[in-house]
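One letter stands for each residue in the lines below.
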Amino acid sequence: MAKQNVRGRYRLGVDVGGTHTDLVLEDKKTGSVLIEKIPSSPSNPAFAVLEGLNCLFKRGIYSNEIDFFSHGTTVTTNALLEKKGAMVGLLINQGYRAICEVQTQARDEGNPHDHLFQRPPHITPPSLTQEIPGRVDYSGKEIIPLDLDEVEKAVKSLEKQGVRSFAICYLFSFMCNKHEKITEQIIRDHVPNAKVSLSCEVLPRIREWPRYSTTLINAYLVEVLADYVLELSEGLEARGVNTPRRFLMQSNGGVMPLSANMESETVHTLLSGPAAGVQGTAWLIGQSLSIDNIVTLDMGGTSADIAFIQNGNPLEHQEAIVAERLVAVPALDVSTISAGGGSIASVNAAGFLDVGPQSAGANPGPVCYGLGGVNPTVTDADLVCGYLNPEFFLGGRIKLDLSASELAISKTISEPTGLDLRSSAIGIVRMVNARMADEIRVNAAKKGIDLSGYTLVPFGGAGPVHAAAVAEDLDISRVLVPSKPGAFSAFGLLCADVMHDYIRSDLHPFFELSPDAVENSFMELENRARVDLVREGFSETDFKFQREIDLRYGGQGYELRVPLLSVEPPFSETDFCTLAEEFHQRHEDVHGHAARGAEIELVSYRLRAVVEESKINLSKSSSSDDILDTNCLFRNVIFDENTIIKTMFKPREALRKGERIRGPVIVEQIDSTTLVPPNWSLTVDEFNNLILERY
Amino acid sequence: MKIKSASLDPVTVQILRNRIGSLTDEMHYHFFRSGYSTIVRESRDFSCVILDPKGRILVAPPMFFHSTAYKYLVQRIYQIYGIAGLQDGDVFISNHPYEGNLPHVPDMGVVMPIFQDRVLVGFSGSIAHKADLGGTIPGSTWGQATEIFQEGILYPPIRYYRSGMLNLDIERLIYANSRFPETTLGDLHGQVAAIDIGRQRLQNICEEHSSKTVLECMDAMVAAAATEFRIALGKLPEGRAEAESFLDSDGVNYSKAIRIHVSIMISNGKVIFDFSNSDLQGRGPVNIRRGLLEACCFQVLIGMMDPDLRYSDAAFDTVHIKTRTGTVVDPESPAPCSSYMKTCMTVIDMLIEAFGKFVPQRAAAYSGGSGGGLTINWTGKGRVPRGNQYEIFGSAYGGSASQDGTSGTTVHLSNIYITPIEIVETEFPCLVTRFELIAGSGGDGRFRGGLSVRRNYKLLESATIIFRGDRAQRPPKGLAGGKPGRASRFLINPNSSDEQEMPITTTVDLEAGASISIEAAGGGGYGNPMDRTRTNRRRDLEQKYV
């Protein structure tokens, strides 16, 4: 799979979303791009992918000219949400079953006032959990030998119950993996084709429950993903897409080959859904236009996804809750709030306005769709305020019923609050905008980010309608709307490198470590990475390693990641002080104070192995001869309680490159609508992005 | 397109409420992530809030039971310093259960007035459990204390910063009176940094919306939550219900149980909780101060009526709480208060029992209560850990009218994280040798009580063990025909020839090599066991729950 094999003309990105499957085909020769959008096929997602391919073939694309295929899928996320994973057998140290029953002991996601609180059902109930004598202590020393007979008995018993996917979770396996490895071998000897997830491979990190939870989820989903990949690969090959360069999007913004070892990698796809759009922004907007600091706002029908790109890099987090379950692998840090076009507005018992969390979704959808929705939504308010053109929603595919929206808002909002229709509608808009701004503001603050100097990049159908107002609330003075906000995630799939993350915990006082010990720990991770990458078909010259360490003050509960950017391998004596100072600085940036006198502990070593892939580049928009000369429509638009302005609606195709238009103006295109408020201006850059700036 | 609303409207109020909620969230995040002591970092026993100028809470924190204390702390600061005595940049601290209504002595409250253009617009505040603030034993939570003075050094509300200037004298005083001064001051600095974030953010909001609008919206927010409460209360049937419940003992006099009693009266859209017939205050530290009793009442009101309701300090015009001075729920100084959690758990289970009459569909049997708090003060010379080991355990919920109780969880007011075994063993010279659900510990019933947890330790160095538990003599009640949950136990050297069951509240010195076992109480069952479905019985067997 080395790069010299690259011969074909096309690179294809396929993103499967909840409602649509988007295909973006890049022609490397001309730089042009073909887009296909077809309805998703939730019961068998591969079907829509292959159907999309057929559509491309009909447009004259030859399958053997596609030499790169990158795919974003939510099959694992959906299986977890719908509880459709495999039957998993768990092997755990004898006497420690409660780790999986008690979990964090807290009602993390539950309401602490609710004495009827329940946890989601166990992935492995006690009947599928086998306890094995054997134990390693905190230093990695064996204190009870592993009972091989018990392992064998346990494996046989689980196999008899129908288990084919096994999770092995032993205490301190990140310090010594011997017991887990031996157990794995016994399983493989007894159960042909078993899928085995080892906690020392999925997540060799200290704190047993996050590690076990992540390992269990991996075991639960490994077959789901493996089956899907197999079906997809066969389908691709049947259609003549034979390139070995086939990739899957991961949560960390990188991709993995379809040939990767799913027994340890499956869980890395769980949060990949929103990652592609963020990765696409980082590359297409960040790198191409040299915009280092970006907030992304992906606002769709039911929710808004928010992420940050700082100094060109999307921010990551280490733990997330998916479907009420804890997953602890590096993922692009995307926070989701229930603020979408379908979010329902209501008046609460105290007489105040609420927007969300309930959503009318796509069905019945907003009242104005006329599909039976009766609760007013954000889209209805957008329509009443005049932001949407009832005749040109989704390019005219749906005619919106303005009077139905007005009626619903009057009845549900105006009557109980005494506000007039206009104030009610603008109130809904203000509220949803404020909720998005709050989410951005609080997340920025938690990450130590100062938003001034940031650019807001909205995508998704509703993002560009609300972006300027959200930016205004946050004192952000620039908004950039990409040229195809509706298919942006599929673009993101063509912007990613192959990326594998490795971690190993080994808690020690930082300054008591020797440089050799640190170097050896990294070498160990590098060797692991090398084995994986070579197995996936890459050669030694293809990959690069990035090192990081997790540090904390002695006894602190959480760590900060410190990248080893300023120190060169091999690790040397002076590097301790350099990194300690970077840690103090980072602690101060993030938490507002540092404790320079306190002891520092190293908690984990991290390694990221990267194989660079070529990426799509923005094509400069062709000349301006194909500009439409249309008669622009003017409509009354409500900007606030006291401001109604006759505003121009302009088709996106009618905008000239470099042209600067003063707001208010509304730009319409098939997949979105961009609202430019009165004190904002609009320009179209050479890549056909819309730039909104406050003046 | 920023909309500047001069006047109060239902949109702006809600927008500001969300905004204050998210800034509270931000304060929590910062404090939690930088917390030094085990109790803060793994257990999250802390809260951060924004208060209005009257000291009323605007958005209740996740650690809900701190909510009711803040207004008393602020009132006391007003009494001492007067409104004119507050200056921009002041920070007040107090850990005093009687003067400041803090839950117990190790909980340090920190409050900072917020000024905008010289107008007081509110307070930023935080309460967090400290590693040690002096007193007879490490950790400042002695289960056998008979006076509050044994529980630690008392700091009445005092000025820690004056106009932005740290008072080093106070800091030296705290330092000199703590067994773990670095950790204690490290946490305190984190608290100050967190509430300073609250101050800055509220000032930003005032700049955007004007102080006047913010102050008006604060009033409206507090009132709105009270209105929601009134509406919910109005839906309940009128009537009277009562219940009683017992603590094993006050921790000092083991032979005498402590009775708590409530009579609840709902009429005219108001609810009266009357605790006057409860026992006199205990000699030991099971007494709870007013703030905590209020928290118990609201926990149950919200849990029974609608778990999504939000607490408001203004709801007291519809919720009345009567007590008799000198009782366990209204103690007089110097009655000790450190073991408040078991009393709160007992009060809450009792209130749920009584309230079940008004909301039968949410009725539930008794939970296992607090699984207890373990403090280990390591005294050996080999591996010397940084500080003392402190862990808090959950138990299980009781069965209810609709479902089995959840197993192995903190309940009610406690929402505390268990310290991971891998952290415990890496930092302290011990082995966790067992961590399992106790089969059969949930009371039988149509809906079974949840199973509680057993956690055993082997000590690798000598140590003083302090354990504070409850429900060993009085197991959690079953209701509506359900059986009680299994009682809790605290054992030394379990499963050996010198196994010894200790009182559930114990202080004991042990040598290296000794073991301890902690068994929390299981949840009570709800409904007649004869009515339990065969499917549920079979599952109990398959999953080794019985």
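All of these numbers come straight from a predicted model, not from anything done at the bench.

Colleague: In this structure, what is going on with the interface of chain B and chain A? I would like to understand it.
Modeller: Size of an interface: often given as the accessible area lost when the parts come together. Facing the 71 residues of chain B at the interface are 68 residues of chain A. Mapped by element, the contributors of at least two residues to the side of chain B that touches chain A are α1 (10–33), α5 (181–209), α6 (211–234), α7 (290–305), α9 (421–427) and β13 (430–437) of chain B. Looking at the side of chain B that touches chain A element by element, the count peaks at 14 residues for α1(B). Split into classes, the residues belonging to the side of chain B that touches chain A amount to 29 nonpolar, 26 polar and 16 charged.

Colleague: Quick question: what am I supposed to make of the nonpolar core here?
Modeller: Side chains that are nonpolar tend, in soluble globular proteins, to be buried together. If you look at the biggest cluster of nonpolar residues, it comprises 367 residues, and the most contacted ones within it are V88(A), L456(A), C296(B), C344(B) and L351(B). Each residue touching L351(B), except ones within four places of it in the same chain, is listed here: V262(B), C296(B), C297(B) and V300(B).

Colleague: Help me out: how do you make sense of the packing of helix α4 (residues 148–160) of chain A against helix α5 (residues 178–190) of chain A in this one?
Modeller: Between two packed helices, both the angle of their axes relative to each other and the distance between the axes serve to describe the pair. Residues and elements named next belong to chain A. The interhelical angle for the contact between α4 and α5, taken along N-to-C directions, is 45 degrees, at an axis separation of 10 Å. Relative to α5, the element α4 lies oblique. Crossing of α4 over α5 shows right-handed handedness. Each of L148, V151, E152, V155, K156 and E159 in α4 lies in contact with α5, whose residues at this interface are T183, I186, I187 and H190. Class assignment of the residues belonging to the contact of α4 with α5 gives a composition of 5 nonpolar, 2 polar and 3 charged.

Colleague: Please clarify how helix α16 (residues 575–591) of chain A should be interpreted in this entry.
Modeller: With 17 residues, α16(A) should reach 24 Å at 1.5 Å per residue; the first-to-last C-alpha distance of 24 Å fits that figure. Within the sequence span of α16(A), burial applies to F576(A), L579(A), F583(A), H587(A) and H591(A). Buried residues of α16(A), viewed axially, fall in a sector of 85 degrees; they line one side. Set apart from the buried face of α16(A) by more than 90 degrees, the exposed residues are C577(A) and Q585(A). Buried positions along α16(A) lie against β26 (543–553), β27 (560–563) and β28 (600–611) of chain A together with α1 and α5 of chain B.

Colleague: Before we go on, may I ask you to explain the pairing of strand β29 (residues 633–640) of chain A in this structure?
Modeller: Within a regular strand, the side chains alternate between the two sheet faces. Residues and elements named next belong to chain A. Note: β29 against strand β30 (residues 643–651), 7 bridges, orientation antiparallel. Opposite D640, over in β30, you have T643 as the bridge partner. Here β29 folds back onto β30 in antiparallel fashion, the turn holding 2 residues.

Colleague: Is there a simple way to explain the confidence of the model for chain A in this structure?
Modeller: Where the model shows low pLDDT, its predicted coordinates should not be examined in detail. Scored by pLDDT, chain A has a mean of 91; 97% of the residues are at 70 or more. Below a pLDDT of 50 lies the segment residues 1–6 of chain A, which in the model reaches 7 contacts outside its immediate sequence neighbourhood of four places, other chains included.

Colleague: Got a minute to help me understand α4(A) in this structure?
Modeller: Within an α-helix, residues lying three or four positions from one another point in the same direction, as the helix has 3.6 residues per turn. Residue and element names in this part refer to chain A. Taking 1.5 Å per residue, 13 residues should reach 18 Å; α4 reaches 18 Å between its end C-alpha atoms and fits that length. For α4, every residue scored as buried is listed here: V151, A154, V155 and L158. The buried residues of α4 occupy one face: seen down the axis, they fall within an arc of 100 degrees. What points out from α4, more than 90 degrees from its buried face, is the exposed set D149 and K160. The inward-facing, buried residues of α4 contact β5 (88–93), β6 (129–132), β9 (165–169) and α5. The positive-phi residue at the C-terminal boundary of α4 is G162, with phi of around 100 degrees.

Colleague: Explanation requested: the domain arrangement of chain A in the structure shown.
Modeller: Residue and element names in this part refer to chain A. With domains assigned, chain A is organised as domain 1 (3–79 + 227–269), domain 2 (84–225), domain 3 (498–611) and domain 4 (636–694). Computed over C-alpha atoms, the centres of domain 1 and domain 3 are 34 Å apart. Between domain 1 and domain 3, the contact holds 10 residues from the first and 7 residues from the second. Each residue belonging to the side of domain 1 that touches domain 3 can be placed in one class, and the counts come to 5 nonpolar, 5 polar and no charged.

The rules behind these values
Along each chain, numbering runs from 1 in the same order as the chain's sequence is written. Written order decides the labels, with chains lettered from A and ligands numbered from 1. This being a predicted model, a pLDDT of at least 70 is required before a residue's local features are given, and a value of 80 or more before pairs of side-chain atoms are given or counted; all residues contribute to the totals for chains, interfaces and linings. Any pair of residues counts as being in contact when their C-beta atoms, constructed from backbone geometry, are within 7 Å of one another. Numbering of helices and strands starts at the N terminus; helices are DSSP runs of H or I of at least 4 residues and strands are runs of E of at least 2. Following the grouping adopted for this structure description, the nonpolar residues are Ala, Val, Leu, Ile, Met, Phe, Trp, Tyr, Cys and Pro, the charged ones are Asp, Glu, Lys and Arg, and the polar ones are all others, Gly among them. Working definition: the nonpolar core is a set of buried Ala, Val, Leu, Ile, Met, Phe, Trp, Tyr and Cys residues, joined through C-beta atoms within 7 Å. Exposure classification rests on a simple neighbour count of other C-beta atoms within 10 Å of a residue's own: a residue reaching 20 or more is buried, one at 12 or fewer is exposed, and one in between is partly exposed. C-beta atoms are placed from the backbone. Only the contacting stretch of a helix is used when fitting its axis, a line to C-alpha atoms as for every element, and angles between N-to-C directions run 0 to 180 degrees. For classification purposes, angles smaller than 35 degrees are called roughly parallel, those larger than 145 roughly antiparallel, those between 65 and 115 roughly perpendicular, and all remaining angles oblique. Left-handed describes a crossing in which the near helix is turned anticlockwise from the far one by less than a right angle; the clockwise case is right-handed. Multiplying 1.5 Å by the residue count of a helix minus one yields the expected span of that helix. The directions considered for the arc are those from the helix axis to the C-beta atoms. We call two strands paired when DSSP finds no fewer than two bridges between them. Scored from 0 to 100, pLDDT reflects the predictor's confidence in each residue. Segmentation of the chain into domains, including their bounds, is taken from an automatic or database domain assignment.

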